[in-house]
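# Overview (structure and organization)
Spelled out from the first residue to the last, the chains are:
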Amino acid sequence: MAFPSGKGKRLAVELLTDRRSELFALIPEDESPPSPFYGFLKQTRRKYFGSYLDSLADAVRSGDTTDFLGNETFQSYSHAKNGFLLRDVISVPACVNRAVSTLLKSLLDRGEAEGAAAFEAAILLDDLLTQSQAIRSQSFTQTRDEVINFYHAYQEEIDRFPSNLAATLDFSTLMLAAVKKCVELVGVGRCAFFTRDLLTNELHLEASNFDHERAFGNGAVKLDESLVKQLVHQGRPVMVEGYPRSMPLLSSIMKKMKTKTTLLVPLMVRERNLGVIFMDSVERPQMFTPETVNLAVRFANKAAAAMENARLHGSEQQKLKETMALLEVARLVTSTLDIDVLLSRLVQITADVCEVGKCTAYIFLEENGRFYPTATFGVFPESEWETSMGEGIQPGDLVDEEAEAILSYQVAISEPLMSPLIPDDRIEDTMTRAVVMVPVHSREHLLGMMVLFYPRERDELESEDLNLVAAIAGQAAVALENASLYEDLEMSYFSTVKALARAIEVKDPYTYGHSERVTDYAISIARRLGLSEWDKRNVKYAAALHDIGKIGIARKILNKPGALSDEEFVHVKTHPQLGDSIIEPVTFLQAPREIILHHHERFDGKGYPDGVSGEDIPLGARILAVADSFEAMMSDRPYRVALPMLEAIRELEVNAGTQFDPEVVKAFVEALLEGDIEKVSEVEEAPTRAALHRIGGITPVTPAQ
């Protein structure tokens with residue numbers, strides 16, 4: 001294809017890059033059909049289309065479509081292997097093409113694009129996207145043909161009959177293959193395989209070669225007692241002719257199928273009935289000779305053995321999956337004490353292994369008796385309704401029996417319409433049929449609960465499902481208790497080290513309360529700069545302990561009223577390194593160490609102990625430098641009295657860019673102005689506030705009345 005080099009090409013690139021947000025807005029999410037592909041795509045929509053537009057833009061920009069079209073081939077191959085539908089896969093370039101056309105028309109209408117350039121861009125992108133659609137279709141079809149040919153070859157092996165059928169371990173595939181084999185081998189016209197409920201003797205259709213809903217409906221099929229006796233208890237085939245009054249249930253089915261002769265063959269394994277094969281032939285009602293019945297029984301025995309193998313394999317695979325899940329949970333519990341990380345992974349594992357649409361972990365706070373959502377995972381679209389539960393829920397919000405079960409550490413199963421954990425208008429589109437609540441508890445305390453949104457009805461849930469979630473919840477309880485114990489231990493260590501830091505203030509009464517005030521300032525700056533909780537924690541610990549090294553500095557130097565000699569100043573400058581060495585053995589304080597070590601570095605590189613500069617200084621240390629200096633200026637010292645606030649602020653402003661990081665200074669002044677720091681309450685007079693605004697370079701704002 002010939003790529004234009006003028007305005008059309010530039011406009012095409014602009015659409016795919018600078019105007020990408022407008023393109024995204026023109027690709028509606030609800031346009032996608034309800035298929036597995038779009039279920040996948042909705043979870044990664046922006047990333048998927050973003051990558052697609054990047055690749056398309058690169059092709060337009062470079063004029064080389066090799067990589068773009070090659071990637072289309074690979075994508076289509078992958079989607080075909082995953083069982084997605086062709087119409088869904090080829091709709092991706094189609095919906096992008098529609099969005100491009102709509103956007104170009106809008107630009108023309110608004111006068112933001114020239115007609116010739118828009119026409120050229122439209123032709124260029126339409127050509128590429130049409131090629132993409134064709135390649136996706138061709139690659140998809142070729143791949144699916146390969147898959148189909150593979151299964152045909154596999155079924156030819158099954159056609160040899162004796163024992164090959166038993167090698168099929170996927171139950172659904174086995175049932176479809178068995179229906180086909182039965183038709184070919186026995187020569188019947190219609191065939192249906194049913195499995196039997198061991199308790200009720202009801203039959204559940206697994207596979208057939210005809211439109212079965214008219215005859216059997218959508219629910220379970222009940223057998224006449226005489227048939228149950230012969231098929232289930234005696235394990236004998238039954239040929240039924242006409243519409244016998246002694247078998248009203250079967251006669252009704254036969255009338256709906258317009259057949260007068262039916263053969264029912266039991267699926268027996270070691271004298272145990274697994275189900276029934278239903279067969280008939282409208283065109284050959286006399287075909288069921290003794291030889292044919294015998295052949296059908298022999299086939300049924302082989303099919304039953306294969307069904308048992310597939311069931312055992314499926315059970316083993318599920319048990320393996322559950323075992324691996326529990327091992328992963330156990331590994332998580334022993335490898336991390338970060339509750340957010342651990343709970344996020346636990347709900348993901350639970351949703352996967354239990355095959356639910358959504359799983360959420362709730363933490364229970366005893367002080368107010370409420371549950372709060374903490375981690376969630378699932379495939380429900382727009383399922384962030386938990387974020388609106390700012391007040392949490394309390395046991396009283398649940399049905400009495402469910403609340404009682406949770407508080408007594410028992411699993412509770414709620415009807416979706418009766419549950420406060422899912423909005424009524426989301427029940428149908430999420431296909432939620434049961435809300436299962438599994439308590440997370442220690443011996444003495446309720447810690448929270450795991451909530452699973454099942455697509456199955458309450459009576460369809462098996463004890464194995466609930467036992468697995470209970471096991472995961474048990475591990476979650478261990479993790480929560482471990483984290484709580486670790487937090488207590490951590491705070492104990494911190495309190496011990498902090499007590500050492502306070503020993504400095506005993507030596508230097510002028511600095512009493514200095515660390516607490518510096519901590520308040522530093523946390524306000526960190527919050528203003530948008531630091532993560534982890535980074536704010538490190539700043540908090542470093543600020544509280546930043547002067548711990550001064551415990552090794554002589555009292556007479558700390559309290560000296562006059563200027564320090566060069567030798568004395570060199571000695572004082574060792575306190576960051578002394579502090580670093582003091583906290584080095586404390587494991588949980590390793591992250592704050594570098595903040596303490598570098599809090600006397602200068603932005604221009606003239607500080608100590610290492611003379612690093614700019615952003616090479618840890619951000620926490622740059623924050624601490626501003627907080628520490630401001631507090632020092634605002635406090636009386638042996639060699640001077642405290643500075644007025646405005647003068648202290650001016651000193652920060654004057655030294656921004658040399659001693660201090662300008663962004664940190666700006667954040668600190670903003671925190672003062674907006675009342676994030678308690679000191680600002682001392683500044684009441686309007687002139688003083690205006691002066692603060694001028695110093696901070698911020699336009700004064702009239703406070704709300």
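Conventions we followed
Residues numbered from 1 in each chain as written. Predicted model: local features only at pLDDT ≥ 70, side-chain atom pairs only at ≥ 80, totals over all residues. Heavy atoms only, no water. Helix = DSSP H or I, 4+ residues; strand = E, 2+ residues; numbered from the N terminus. Contact = heavy atoms within 4.5 Å. Areas by Shrake-Rupley, 256 points an atom, 1.4 Å probe, with all protein chains shown as cover. Pairing = 2+ DSSP bridges. Axes fitted to C-alpha atoms, helices over the stretch in contact; angles between N-to-C directions. Disulfide = S-S within 2.5 Å. Parallel < 35°, antiparallel > 145°, perpendicular 65-115°, else oblique. Left-handed = near helix turned anticlockwise from the far one by under 90°. Nonpolar A, V, L, I, M, F, W, Y, C, P; charged D, E, K, R; others polar. Expected span 1.5 Å × (residues − 1). Buried < 20%, exposed > 50% of the residue type's maximum accessible area, 1.4 Å probe, protein only. Core = buried A, V, L, I, M, F, W, Y, C linked by side-chain atoms within 4.5 Å. Salt bridge = Lys/Arg side-chain N within 4 Å of Asp/Glu carboxyl O.

## So, the overall build of the protein
Along the protein, the regular secondary structure elements total 27 helices and ten strands. Put simply, 62% of the contacts in the protein that link residues at least 6 apart link residues at least 24 apart. Of the roughly 35,800 Å² of accessible surface on the protein, a fraction of 52% belongs to carbon and sulfur atoms.

## Side note on the sheet that holds strand β6 (residues 358–365)
Taken in spatial order, the five strands line up as β7-β6-β10-β9-β8 in an open sheet, and their pairing is antiparallel. On the outer flanks of this sheet lie β7 (370–378) and β8 (412–414), each paired with one strand and no other. Taking each pair of neighbouring strands and ignoring which way they run, the sheet shows an average axis angle of 25 degrees. Along the sheet, helix α14 (residues 339–353) makes contact with β6, β7 and β10 (446–454), crossing β7 at roughly 60 degrees. Sheet strands touched by helix α15 (residues 400–407): β7, β8, β9 (434–441) and β10. Its angle to β8, the strand with the most contacts, is close to 155 degrees.

## Details of the pairing of β7
Direction of pairing for β6 relative to β7: antiparallel, over a ladder of eight bridges. In the sheet register, L365 faces β7, and the bridge partner there is R370. Here β6 hands over to β7 after four residues, with G369 in that stretch at a positive phi of 65 degrees.

## Focus: the sheet that holds strand β4 (residues 261–269)
In spatial order, the strands read β2-β1-β5-β4-β3; together these five strands make up an open sheet with antiparallel pairing. Looking at strand neighbours, the two that pair on one side only are β2 (203–208) and β3 (238–241), the edges of this open sheet. Direction aside, neighbouring strands of the sheet carry axes that sit 25 degrees apart on average. With five bridges joining them, strand β1 (residues 190–196) and β2 adopt antiparallel strand pairing. Across the sheet, the residue bridging to T195 is H204, located in β2.

## Describing unusual backbone geometry
Across the junction of Y608 and P609, the peptide omega takes the value 10 degrees, indicating a cis bond. With respect to the helices, strands and loops of the structure, P609 is situated in the loop between α23 (590–597) and α24 (619–633). Positioned with a positive phi, K258 is a non-glycine residue whose angle comes to about 55 degrees. Here K258 is to be found in the loop between α12 (248–257) and β4. We note that R270 has phi near 50 degrees; this positive angle belongs to a residue other than glycine. Following the sequence through the fold, R270 ends up in the loop between β4 and β5 (272–280).

## A look at the state of the cysteines
Going through the model one piece at a time under the given rule, you end up with zero disulfides. Distance from the sulfur of C182, which forms no disulfide, to the nearest cysteine sulfur (C191) is 3.6 Å.

## Things to note about the packing of helix α18 (residues 514–528) against α24
In the contact formed by α18 and α24, the axes pass within 9 Å of each other and the chain directions differ by 135 degrees. It follows that α18 is oblique to α24 by the angle criterion. The crossing of α18 and α24 is right-handed. Residue-level contacts link H514, R517, V518, Y521, A522, I525 and A526 of α18 to I623, L624, V626, A627, D628, F630, E631 and A632 of α24. Within the contact of α18 with α24, the residues separate by chemical class into eleven nonpolar, one polar and three charged.

## Digging into helix α19 (residues 533–545)
The end-to-end C-alpha distance of α19 is 18 Å, a good match for the 18 Å that 13 residues give at a rise of 1.5 Å each. Looking at α19, one finds that the buried residues are K536, R537, N538, V539, Y541, A542, A543, A544 and L545.

## Side note on the nonpolar core
If you look at the biggest cluster of nonpolar residues, it comprises 42 residues, and the most contacted ones within it are I525, L589, I623, V626, F630, L652 and F668. Every element with two or more residues in this core is listed here: α18, α19, α23, α24, α25 (645–654) and α26 (662–673). Beyond its immediate stretch of four places on either side in the chain, L652 contacts V626, F630, M633, F660, V665 and F668.

## A few points about the pattern of salt bridges
Enumeration over the complete set of coordinates arrives at 20 salt bridges. Of the charged contacts, one joins R19 and E112 as a salt bridge, the two residues approaching to 3.1 Å between their closest N and O atoms. Note that R19 is positioned in the loop between α1 (7–16) and α2 (20–25) and E112 in the loop between α7 (91–109) and α8 (115–159), a separation of 93 residues in sequence. On the basis of relative accessibility, which here comes to 14%, the residue R19 falls in the buried class. In this structure, E457 engages R433 in a salt bridge whose closest nitrogen and oxygen atoms are separated by 4.0 Å. Of this pair, E457 sits in the loop between β10 and α17 (463–507) while R433 sits in the loop between α16 (427–430) and β9, and the two are 24 residues apart along the sequence. Overlapping salt bridges, with partners in common, bring together E14, R19, E22, R110 and E112 in one network.

Everything listed here is a matter of geometry and, on its own, says nothing about what the molecule does.
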